[in-house]
Amino acid sequence: MSERGRGRRGGGGRTPSSSSGGRGTGGPSSSGGRGAGGPSSSDGHGGRTFSSGGSPAFNAPPASQPQRPAMTVSSVSREVEQKLSLQPSSSQRPVVAQPVQQPAPATGVQPPRPPPASSKSIRVPNRPGYGTVGRKCLIRANHFLVHVADRDLHHYDVTISPEVLSKKVCREIMSQLVNDYKQSHLGGRNLAYDGGKSVYTAGPLPFSSKDFIIKLDGNSGGAKREREFKVSIKFAAKADLHHLKQFLQCRQSDAPQETIQALDVALRASPSAKYEVVGRSFFHHTLGDYGLLTDGLEYWKGYYQSLRPTQMGLSLNIDMSARAFYESIYVHEYVARYLNLRDLNRLMSDRDRIKVKRVLKGVKVEVSHHGIRRYRISGLSAQPVKEIMFSVDDTGMKTSVVDYFRQKYNIVLRFPMLPAIQAGSDAKPMYLPMEICQIVPGQRYTKMLNGRQVTEMLKATCQRPVDREKSIVKIVSSNNYVADEMVKEFGIEVRSELTTIDARVLQPPMLKYHESGQESRVDPRIGQWNMINKKMVNGGKVDTWTCVSFSRVDPSPFCRALIEMCCSKGMVFNPQPLVPIRSAHAGQIEKTLVDIHTASTQKLATMEHQLKHLQLLIVILPEVSGYYGTIKRVCETDLGIVSQCCQPRNLSRPNKQYLENLALKINVKVGGRNSVLEQAVHRRIPFLTDIPTIVFGADVTHPQPGEDSSPSIAAVVASMDWPEVSQYRCLVSAQPHRKEIIEDLYQKHGDPERGIVHGGMIRELLIAFRRSTGIKPGRIIFYRDGVSEGQFNQVLLEEMDAIRKACTSLEEGYLPRVTFVVVQKRHHTRLFPVNHNDRNMTDKSGNILPGTVVDTKICHPTEFDFYLCSHAGIKGTSRPTHYHVLFDENGFTADAIQNLTNFLCYTYARCTRSVSIVPPAYYAHLAAFRARYYLEGDMSDTGSTSGGGGRATRDQLAAVKPLPKIKDNVRDVMFYC
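It should be emphasised that the depicted structure is a prediction, and the values quoted were computed from it without experimental measurement.

**Brief notes about the overall build of the protein chain**
Here's step 1: Counting its regular elements, the protein chain contains 22 helices and 41 strands.
Here's step 2: Sorting the 977 residues of the protein chain into buried and exposed places 56% on the buried side.
Here's step 3: Residue pairs in contact within the protein chain that sit at least 24 positions apart in sequence constitute 74% of those at least 6 positions apart.
Here's step 4: Surface exposure of the protein chain reaches about 41400 Å², of which carbon and sulfur atoms provide 49%.

Next comes the structure, spelled out in structure tokens:
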């Protein structure tokens with residue numbers, strides 16, 4: 001990153017580079033990157049850049065990788081086709097200057113074949129072998145071995161009319177069908193129903209197609225009336241158990257998802273009938289303690305269940321789960337808690353009304369003033385109840401809602417100043433007073449929990465490993481699969497004990513700090529260390545700074561303590577602020593920030609300082625939450641200020657640990673580096689330090705449920721230093737709502753003057769890497785976060801294609817070897833020590849040791865994946881991260897990718913702990929969430945309020961609002977930390 005050389009002490013943490021592979025003297029030029037959501041850059045960059053014309057500066061190859069021979073456009077196309085088809089390339093592998101445990105290249109050369117026509121044509125690489133490095137140990141996993149007897153599994157399509165949207169009601173209909181017709185028409189068979197359009201049976205039904213009439217009593221809510229449904233069942237396919245067995249024995253490459261789905265639905269049939277179903281989890285008050293959260297919510301406990309193919313066979317993954325639900329209270333009580341209102345007889349502000357509308361939209365309520373009826377909230381009235389008038393009859397005579405309820409139902413409304421609930425559509429709205437509407441129990445809360453609710457949820461539900469393991473075993477025991485009628489009919493047997501696995505604990509890397517500190521090398525113990533007697537390997541220099549406080553706390557003593565800490569850790573920090581420290585009211589945040597920027601710019605102009613901007617603004621946040629996003633948006637996109645926000649509660653008596661953590665963050669925000677891997681400095685990390693390597697991290701975050709018109713945010717970070725790989729530049733971009741494929745990895749468009757113009761995130765980060773290091777990468781390692789298993793092939797197909805096109809657009813024939821790894825944190829595999837009392841095999845929290853890696857028994861039967869618990873637990877049970885290699889041209893061994901990933905987890909800049917997810921993916925996640933602040937915060941009353949509406953139209957999805965451009969001096973550093 002730019003300006004990281006400023007304030008560098010001595011040359012600690014740096015080894016001299018070779019002449020052709022040396023580091024550039026400056027950071028990446030501000031013109032070398034792209035603005036967030038801004039226009040794509042073209043080839044018109046000055047200095048050392050990639051160019052299709054082949055400039056001498058670019059074409060001189062680094063010492064560690066000879067230049068490939070020039071290729072024609074057709075040959076480049078053929079090689080790209082080979083990459084995407086997972087065929088060995090006909091070109092030679094790059095010669096490695098310092099080979100370190102590099103596997104021999106494949107000698108077989110196959111002719112190119114056409115690129116895959118769709119994502120289904122892609123074949124993920126097989127596992128190259130199992131890891132052997134590390135201290136061996138035994139652990140247990142919450143996977144339960146499943147045996148399946150031979151059964152003639154059949155799949156039938158189901159259609160229910162009139163259409164029913166509620167899966168719960170659909171299950172009641174199908175349950176009634178089995179009760180009525182099991183012996184007479186179903187051949188005595190049970191139906192395993194998925195809640196949608198499929199049923200599975202353990203043998204053929206006596207028909208290929210048949211219609212049934214089902215009458216359902218109205219006891220599931222709403223009016224007490226009998227309803228009639230037509231259910232059509234039609235044969236669809238036979239599930240192939242033989243194919244499943246062949247796949248589990250590694251004799252088939254494609255997983256028979258239909259067969260696995262049939263067995264999974266059979267295992268879920270019984271709990272689906274008894275509990276609230278949320279995705280693959282089940283919740284009920286009987287499954288564990290439940291309690292209240294703040295703001296009108298409560299938490300329910302439950303469990304997650306999923307059938308998975310693994311190396312040991314079929315595995316039932318069961319884990320404890322918890323979810324927030326709406327508390328079953330009257331709506332006016334919920335509003336009072338949600339908005340923290342004491343007086344409900346005051347007019348609600350537009351801002352509060354919109355907040356309530358967003359949080360309650362889609363929630364079902366029940367009224368009882370004229371029989372039990374249920375309605376779904378579609379919006380709120382713009383006026384209070386007492387001002388809403390409507391026509392009573394055809395005469396046109398109007399009355400108010402207040403008078404109507406008093407005259408017809410003898411109900412005197414106590415809170416006429418509250419808005420009314422709107423049910424129905426905009427064309428035919430129905431207004432109901434909040435105080436007569438009770439929230440129907442069992443409705444999950446789909447919005448994001450606030451900080452206090454998250455804390456309460458964690459406190460109430462997190463369990464130490466020994467307790468979580470006991471809870472899981474108790475769930476398996478209570479499910480009593482042996483006695484489950486559906487499970488027995490399908491010939492399924494579930495073992496009752498957790499799976500025991502041979503695991504390994506990888507060694508941590510050695511960390512290097514500055515030589516001037518008392519301790520310049522650190523051997524991390526159990527995933528953590530501290531900054532005592534250490535100095536940052538490259539301390540940043542802060543010449544121009546100031547502070548603003550939006551709280552009642554005087555920030556001056558805190559600033560002095562913070563500066564003292566930064567200096568003691570190796571930074572160079574001017575003790576005098578550029579402009580005086582000031583205090584301001586939270587209502588004047590934007591104006592205050594603009595005033596500080598103006599005053600700083602004017603002061604620097606009079607000083608003729610080499611810096612033209614404020615390097616750092618320390619911001620003391622208001623006591624009330626909700627302003628952080630505004631501060632970051634204004635500073636980073638409007639003014640070009642790098643900021644460090646601090647909570648006012650930490651100012652009165654700041655402890656040493658808090659100040660150290662702030663110093664770590666500030667150092668990387670001004671271009672410094674806290675520590676580096678000593679093995680990287682000495683070029684001793686295979687597949688990373690042998691040839692110039694760039695490490696990418698990418699993530700896409702999506703808006704909350706209900707935000708149907710907000711765009712998704714894609715973020716890509718890339719390392720800007722080699723071989724240390726510790727500084728990452730970031731680019732962000734908005735893209736269509738809930739689109740997972742990153743659209744802006746590579747872009748190409750025509751320009752009347754310049755012709756074809758290339759751009760996109762990958763291209764611009766490669767250019768920035770070249771400018772930062774003076775060399776071009778010969779290898780790309782791409783860690784991709786946020787991808788589910790069902791999206792693997794599509795993401796690989798489209799994003800690998802974009803990476804290839806970005807590379808070849810920089811220089812004809814430029815095709816660095818790529819390894820594409822998906823990072824998954826949202827899974828339910830948990831790992832436990834075999835002996836919870838063995839302190840040699842657990843950390844302080846009782847979790848398995850950091851560095852524990854698993855690539856046997858519970859992983860994919862054939863593909864290249866592993867679980868890595870790289871961090872020490874703090875509270876609760878640690879969740880390992882699942883890494884799945886989808887594409888690998890570098891020939892990684894299992895040990896190499898596992899050790900590299902574990903090493904990188906010790907380079908996270910914001911703390912002195914190893915982290916649970918590889919840092920480039922972590923940084924991309926942080927950057928994507930930061931960028932959402934640039935768009936959100938608009939509280940305008942937009943969007944449809946109709947019962948089935950709120951979804952974005954096709955035109956709205958096509959017109960994605962671009963992100964505001966991040967200022968050049970901000971994106972040159974790790975501002976997102």
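**Overview of the side chain of Asn142**
Here's step 1: In this fold, Asn142 is placed in the loop between β1 (135-141) and β2 (143-148).
Here's step 2: Within the structure, the side chain of Asn142 is placed 2.9 Å from the backbone oxygen of Ile318, a separation counted as a polar contact.
Here's step 3: Among the polar contacts listed, one links the side chain of Asn142 to the backbone nitrogen of Arg830, at a separation of 2.8 Å.

**Things to note about the environment of Asp744**
Here's step 1: Positionally, Asp744 belongs in the loop between β33 (728-735) and β34 (747-751).
Here's step 2: In sequence terms Asp744 and Ala734 are 10 residues apart; their C-alpha atoms lie 8.8 Å from each other.
Here's step 3: A polar contact of 3.4 Å, which involves the side chain of Asp744, links it to the side chain of Gln747.

**Examining the packing of helix α13 (residues 589-607) against helix α14 (residues 628-639)**
Here's step 1: One way to put it is that α13 packs onto α14 with a least axis distance of 10 Å and a crossing angle of 35 degrees. Along this stretch, α13 crosses α14, giving a crossing that reads as right-handed. Residues Ile589, Glu590, Leu593, Val594 and His597 of α13 pack against Thr630, Ile631, Arg633, Val634, Cys635 and Leu639 of α14.
Here's step 2: The class makeup of the residues in the contact of α13 with α14 is seven nonpolar, two polar and two charged.

**Let's talk about the sheet that holds strand β13 (residues 364-367)**
What links the strands of a sheet is backbone hydrogen bonding, and the strands pair in either a parallel or an antiparallel sense.
Here's step 1: Spatial strand order, β18-β17-β14-β13-β19: five strands in an open sheet with antiparallel pairing. Edge positions in the sheet fall to β18 (429-432) and β19 (438-439), since each has one partner strand and no second.
Here's step 2: Of the strand pairs in this sheet, β13 and β19 are connected by two bridges, and their pairing is antiparallel. Considered in β19, the bridge of Val365 is made with Ile439.
Here's step 3: In the packing of helix α7 (residues 350-360) onto the sheet, the strands contacted are β14 (373-384) and β17 (419-424), and the crossing angle to β14 comes to about 165 degrees.

**Some words on the side chain of Ser675**
Here's step 1: Topologically, Ser675 is positioned in the loop between α15 (656-669) and β30 (676-677).
Here's step 2: Ignoring sequence-local partners within four residues, the contact set of Ser675 consists of Lys512, Tyr513, Val537 and Ser726.

**Digging into the sheet that holds strand β4 (residues 192-193)**
Here's step 1: Taken in spatial order, the five strands line up as β4-β5-β3-β7-β6 in an open sheet, and their pairing is antiparallel. On the outer flanks of this sheet lie β4 and β6 (209-216), each paired with one strand and no other.
Here's step 2: Relative to strand β5 (residues 198-201), β4 runs antiparallel, the two sharing two bridges. Bridge pairing in β5 links Tyr193 to Val199.
Here's step 3: Where helix α3 (residues 167-181) meets the sheet, its contacts fall on β3 (154-161), β4, β5, β6 and β7 (227-238), and the angle it forms with β6 comes to roughly 105 degrees.
Here's step 4: Of the strands in this sheet, β3, β4 and β5 are in contact with helix α5 (residues 257-274), which crosses β5 at around 85 degrees.

**Some remarks on the nonpolar core**
Here's step 1: Grouped together as the largest cluster of nonpolar side chains are 130 residues, with contacts concentrated most on Phe558, Ile618, Phe696, Tyr783, Phe820, Tyr923 and Tyr976.
Here's step 2: Broken down by element, the residue count for this core peaks at 10 residues, all from helix α18 (residues 792-810).
Here's step 3: Formed by 40 residues, the second largest nonpolar core is a distinct cluster that contains Tyr334, Leu339, Leu380 and Ile436.

**Digging into the environment of Ile472**
Here's step 1: Among the secondary structure elements, Ile472 is positioned in helix α10 (residues 465-479).
Here's step 2: Sequence-wise, Ile472 and Met320 are 152 residues apart; in three dimensions their C-alpha atoms are separated by 6.4 Å.
Here's step 3: Aside from chain neighbours lying at most four places away, what touches Ile472 is Asn142, Phe144, Ile318, Asp319, Met320 and Phe832.

**Describing the pairing of strand β11 (residues 297-310)**
Here's step 1: Burial of β11 is extensive: 13 of the 14 residues sit out of reach of the surface.
Here's step 2: Note that strand β9 (residues 281-283) and β11 share three bridges and pair antiparallel. Each residue of the ladder has a partner; that of Phe282, found in β11, is Tyr303.
Here's step 3: Note: strand β10 (residues 291-292) against β11, two bridges, orientation antiparallel. In the strand pairing of β11, Gly291 is matched with Tyr299.
Here's step 4: In this structure, the hairpin formed by β10 and β11 is closed by a connection of four residues, where Asp295 is found at a positive phi of approximately 65 degrees.
Here's step 5: By the bridge criterion, 14 bridges tie β11 to strand β12 (residues 313-326) in an arrangement that is antiparallel. Looking at β12, one finds that Leu297 is bridged to Tyr326.
Here's step 6: The hairpin formed by β11 and β12 contains two residues between the paired strands.

**Side note on unusual backbone geometry**
Excluding glycine, a negative phi dihedral is what most residues carry, and trans is how most peptide bonds are arranged.
Here's step 1: Here the amide bond leading from Ser161 into Pro162 is cis, since omega sits at 0 degrees, within 30 degrees of zero.
Here's step 2: Within the secondary structure, Pro162 is located in the loop between β3 and α3.
Here's step 3: A cis amide bond links Trp722 to the next residue, Pro723, at an omega of 10 degrees.
Here's step 4: With respect to the helices and strands, the residue Pro723 is situated in the loop between β32 (712-719) and β33.
Here's step 5: Within the chain, Asn480 stands out as a residue other than glycine whose phi angle is a positive 45 degrees.
Here's step 6: Along the chain, Asn480 turns up in the loop between α10 and α11 (485-489).

**As for the pairing of strand β28 (residues 616-620)**
Here's step 1: Counting buried residues along β28, five of its five residues qualify, which places the element largely inside the surrounding structure.
Here's step 2: Burial along β28 is two-sided: the residues Leu616, Ile618 and Ile620 and Leu617 and Val619 are all buried.
Here's step 3: Sheet topology places strand β25 (residues 545-549) next to β28; five bridges connect them, and they run parallel. Considered in β28, the bridge of Trp545 is made with Leu616.
Here's step 4: With four bridges connecting them, β28 and strand β29 (residues 643-646) associate as parallel partners. Bridged to Val619 within β29 is Cys645.
Here's step 5: With α14 bridging β28 and its parallel neighbour β29, the resulting β-α-β unit is right-handed.

**Digging into the pattern of salt bridges**
Here's step 1: Summed over all chains, the structure comprises 40 salt bridges.
Here's step 2: Residue Arg830 pairs with Asp319 through a salt bridge whose shortest N-O separation is 3.6 Å. You can see Arg830 sitting in the loop between β37 (817-824) and β38 (831-833) and its partner Asp319 sitting in strand β12, a full 511 residues away along the chain. The two residues Arg830 and Asp319 agree in class, both being buried.

**Remarks on the confidence of the model for the protein chain**
A low pLDDT means the predicted coordinates there should not be read in detail.
Here's step 1: Confidence in the prediction of the protein chain, expressed as mean pLDDT, is 86, and 84% of residues score 70 or more.
Here's step 2: Below a pLDDT of 50 lies the segment residues 1-49, which in the model reaches 145 contacts outside its immediate sequence neighbourhood of four places, other chains included.
Here's step 3: In this model residues 51-115 is a low-confidence stretch, pLDDT under 50, and it forms 113 contacts with partners more than four residues away in sequence or in other chains.

**Considering α15**
Since there are 3.6 residues in each turn of an α-helix, residues three or four apart along the chain are aligned in direction.
Here's step 1: With 14 residues, α15 extends 20 Å from end C-alpha to end C-alpha; this agrees with the ideal 20 Å at 1.5 Å per step.
Here's step 2: Listing the buried residues of α15 in full gives Tyr658, Leu659, Glu660, Leu662, Ala663, Leu664, Lys665, Ile666, Asn667, Val668 and Lys669.
Here's step 3: If you follow the buried residues of α15, they end up packed against α12 (556-568), β26 (572-573), β28, α14 and β29.
Here's step 4: One side-chain oxygen of the residue at the start of α15 lies 3.1 Å from the amide nitrogen of Gln657, identifying that residue as Asn655.

**Side note on the packing of aromatic side chains**
Here's step 1: Following the criterion strictly, the structure yields 28 aromatic pairs and no others.
Here's step 2: With centroids separated by 5.7 Å and ring planes inclined at 45 degrees, the aromatic side chains of Phe405 and Tyr409 adopt a geometry described as tilted. Residue Phe405 and its partner Tyr409 are both found in helix α8 (residues 401-409); the two are separated by four residues, about one turn of the helix.
Here's step 3: The class for Phe405 is buried, based on a relative accessible area of 3%.
Here's step 4: Among the residues examined, Tyr409 registers a relative accessible area of 22% and is labelled partly exposed.
Here's step 5: Their ring planes at 20 degrees and their centres at 6.1 Å tell us that Trp529 and Tyr906 sit as a pair that is stacked.

**Structural notes on helix α9 (residues 451-461)**
Here's step 1: Residues of α9 that are buried: Gln453, Met457 and Thr461. Taken down its axis, α9 places every buried residue within 45 degrees of arc, on the same side. Of the exposed residues in α9, those oriented more than 90 degrees away from the buried face are Gly451, Arg452, Thr455 and Lys459.
Here's step 2: In the core, the buried residues of α9 are packed alongside β11 and β12.
Here's step 3: The N-cap of α9, judged by a side-chain oxygen 3.2 Å from the amide nitrogen of Arg452 a few residues on, is Asn450.

About the cut-offs
The residue numbering used here restarts from 1 in each chain and proceeds along that chain's sequence as written. Local features are withheld for residues below a pLDDT of 70 in this predicted model, meaning they are given only at 70 or higher, and side-chain atom pairs are given and counted only at 80 or more; totals for whole chains, interfaces and linings count all residues. For the side-chain quantities, the full set of heavy atoms in the structure was used; hydrogens and water were omitted. Strands here are runs of E lasting at least two residues and helices are runs of H or I lasting at least four, both read from the DSSP assignment and numbered beginning at the N terminus. Working definition: with a 1.4 Å probe on protein chains only, accessible area under 20% of the residue-type maximum means buried, over 50% means exposed, and in between means partly exposed. Residues count as neighbours in contact if any of their non-hydrogen atoms are within 4.5 Å of one another. Every accessible area reported is derived by Shrake-Rupley at a probe size of 1.4 Å, with residue values counting cover from the shown protein chains alone. Each polar contact in these results corresponds to two N or O atoms within 3.5 Å; when the atoms are within protein, one needs to be able to donate a hydrogen and the other to accept it, and residues that are neighboring in sequence are counted only if both atoms are side-chain atoms. For helices, the fitted line uses only the C-alpha atoms of the stretch in contact; every axis is such a line through C-alpha atoms, and the angle between N-to-C directions lies from 0 to 180 degrees. Handedness of a crossing is defined here by the sense of rotation of the near helix relative to the far one, left-handed for an anticlockwise turn of less than a right angle and right-handed for a clockwise turn. When residues are grouped by polarity, Ala, Val, Leu, Ile, Met, Phe, Trp, Tyr, Cys and Pro land in nonpolar, Asp, Glu, Lys and Arg in charged, and all others, Gly among them, in polar. Two strands make a pair as long as DSSP finds a minimum of two bridges between them. Here, nonpolar core refers to any group of buried Ala, Val, Leu, Ile, Met, Phe, Trp, Tyr and Cys residues whose side-chain atoms link them within 4.5 Å. Seen with its strands pointing away from the viewer, a crossover is right-handed when the path leading from the first strand over the helix to the second is clockwise. When a carboxyl oxygen of Asp or Glu lies within 4 Å of a side-chain nitrogen of Lys or Arg, that pair is called a salt bridge. pLDDT expresses how confident the predictor is about each individual residue, on a scale running from 0 to 100. To estimate the expected span of a helix, count its residues, drop one, and scale the result by 1.5 Å. The rule is short: rings of Phe, Tyr and Trp, with Trp giving its six-membered ring, pair when the centres are within 6.5 Å, and they are stacked under 30 degrees, edge-to-face over 60, tilted in between. Each C-beta atom gives one direction from the helix axis, and the arc is the one those directions make.

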